[in-house]
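The primary structure of each chain is shown beneath.
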Amino acid sequence: MHAATILAQLDHVTDPSTGGLVPSIHPGVTHARPGSAIAAGYARSGNSGAALVESILCQLEKGAAAAAFGAGAAAAQAVLASLQPGDRVLVDTGLYYEFGRMIWAFAERFGLDMVRVDLCDLEGVARSMGVAATRLVWAECPSNPLWRVPDLAALAALAHRHGARLLVDATAATPVHCRPLTLGADLVLHSATKYLNGHGDVVAGALVAAAEDAWWREMLTAREMHGSILPPFEAWLLLRGMRSLALRMERVSATAQTLAGWLARHPRVGKVHYPGLPQHPQHELACRQFRDGFGGMLSFELGDAAEAIDLCARARIFRRSTSLGSPESLIEHRRSTEGERSDCPPGLVRLSVGLEHPDDLLADLAEMLCPAGRP
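Along each chain, residue indices are assigned from 1 in the same order as the chain's sequence is written. Given that this is a predicted model, residues contribute local features only at a pLDDT of at least 70 and side-chain atom pairs are listed and counted only at 80 or more, while totals for whole chains, interfaces and linings are drawn from all residues. Excluded from the side-chain calculation are hydrogens and water; included are all heavy atoms of the structure.

An unreviewed UniProt entry lists the protein under the name PLP-dependent transferase, with Bosea spartocytisi as the source organism. UniProt positions are given in the numbering used here, feature names are shortened, and annotations may be inferred rather than shown by experiment. Under the Cofactor (unreviewed entry) heading, UniProt states for the protein: "pyridoxal 5'-phosphate". The Sequence similarities (unreviewed entry) comment attached to the protein in UniProt states, word for word, "Belongs to the trans-sulfuration enzymes family."

### Concerning the sheet that holds strand β10 (residues 319–320)
Strand order in the open sheet made by the five strands is β8-β9-β12-β11-β10, with mixed pairing throughout. Looking at strand neighbours, the two that pair on one side only are β8 (272–273) and β10, the edges of this open sheet. Pairing of strand β11 (residues 330–333) with strand β12 (residues 348–352), which is carried by four bridges, proceeds in the antiparallel orientation. What sits directly across from glutamate 332, in β12, is arginine 350. Contacts: residue pairs with any heavy atoms within 4.5 Å of one another. With axes taken as lines fitted to C-alpha atoms, and helix axes fitted only over the stretch in contact, angles between N-to-C directions fall between 0 and 180 degrees. A run of H or I in DSSP counts as a helix once it spans at least four residues, and a run of E counts as a strand once it spans at least two, with each numbered from the N terminus. Along the sheet, helix α10 (residues 245–264) makes contact with β8, β9 (297–301) and β12, crossing β9 at roughly 10°. Here, a strand pair is defined by DSSP locating no fewer than two bridges between the strands.

### A look at the pattern of salt bridges
Between side chains of opposite charge, a pair can form as their charged atoms come close. The term salt bridge refers to a pairing of a side-chain nitrogen on Lys or Arg with a carboxyl oxygen on Asp or Glu at a separation within 4 Å. For the structure on display, the rule yields 13 salt bridges. For the salt bridge of arginine 135 with aspartate 87, the shortest nitrogen-to-oxygen distance reads 2.8 Å. Of this pair, arginine 135 sits in the loop between α5 (122–131) and β4 (136–140) while aspartate 87 sits in the loop between α3 (72–81) and β2 (88–92); the two residues are 48 residues apart in sequence, bridging distant segments of the chain. With relative accessibility at 25%, the residue arginine 135 sits in the partly exposed group. Note on exposure labels: buried denotes an accessible area under 20% of the residue type's maximum, exposed denotes more than 50%, and partly exposed covers the range between, all computed with a 1.4 Å probe on protein chains only.

### Some remarks on helix α6 (residues 152–161)
Here α6 has its buried residues at Leu152, Leu155, Ala156, Leu158 and Ala159. For α6, the angular spread of the buried residues around the axis is 165°, confining them to a single face. If you follow the buried residues of α6, they end up packed against α5, β4, β5 (165–169) and α11 (283–289). Counted as a polar contact is a pair of N or O atoms within 3.5 Å, where, for protein atoms, one must be capable of donating a hydrogen and the other of accepting one, and residues adjacent in sequence contribute only when both atoms are in side chains. Capping the start of α6, aspartate 151 holds a side-chain oxygen 3.4 Å from the backbone nitrogen of alanine 153, two or three residues further along. Downstream of α6 by a residue or two, glycine 163 has a phi angle that is positive, lying close to 75°. This arc is built from the directions going out from the helix axis to the C-beta atoms.

Have a look at this one:
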């Protein structure tokens with residue numbers, strides 16, 4: 001069955017007590033069962049809304065098991081908590097800043113050996129794995145904010161050859177465009193706050209696993225011990241947003257492709273970072289790994305930070321804000337958001353493309369790039 005059908009119907013959901021076609025919210029923390037029936041678990045272990053989120057994600061990602069969390073950061077913490085002191089983890093040199101900051105803080109406190117590697121350089125990854133035993137490779141596809149695309153099938157093969165697992169953060173791609181488990185990955189991470197929800201009104205996260213094994217059970221234990229289950233109301237909001245995921249991704253991908261192509265031809269713009277452009281260094285690979293578009297995120301570079309900051313300040317339709325995946329289009333000078341320790345190019349402007357008409361977004365960019373008094 002196509003993803004759009006699964007999502008629109010939430011896998012043919014029907015409320016058992018009313019016949020309603022919208023999931024009910026069940027906030028009870030404990031449950032009674034008649035006679036000798038086994039009682040449902042305490043709410044810290046799960047709820048019916050979170051279970052439906054997990055079922056849908058399993059189908060979309062072709063996974064064996066899924067777990068919903070109260071935040072993408074909570075999902076990442078569960079993965080880290082499944083590791084042992086001394087475990088070696090390879091992370092991409094371009095890993096999303098916020099996750100990188102969190103992962104390094106955890107690693108320093110709990111004794112993980114974190115190693116930065118360019119995951120688009122397979123020879124470099126192989127050399128690094130040959131140095132010492134590696135437990136986990138932490139990839140992002142595409143990476144944020146330069147939208148680089150690692151070869152997931154090749155990374156998975158390398159990791160497995162050396163006894164390691166491959167995790168892929170597919171937040172920006174979503175299962176509409178890329179399904180890492182079908183390419184050999186062991187675990188997929190989503191910040192469901194972003195495109196999965198798509199409305200900017202709930203914080204959530206998720207993990208989807210290729211196998212329901214001992215490693216997976218350690219993550220579930222961490223979720224229960226940390227109390228980071230996705231609550232019932234947030235699960236309901238996430239499910240409501242997921243119904244339109246396929247349609248939203250179709251729209252934002254088409255608009256992002258249009259904007260990226262226009263920006264690539266503009267004389268004031270330097271590099272444009274978008275996997276759908278033929279000049280993108282991993283475009284051919286992206287064409288093999290992605291389906292039905294390349295997502296709604298792109299970045300472009302201007303001469304320096306001052307020029308980029310000035311451009312963002314003149315936006316009329318794009319909203320000056322961080323995050324991504326909401327109905328409204330967002331613009332930000334990424335280095336200002338990340339702070340002094342950022343590795344981002346100084347003049348990088350990041351766009352999260354929303355659901356507005358593409359002509360209006362193009363007009364806004366044109367005005368920003370051609371301010372009054374300049375040609």
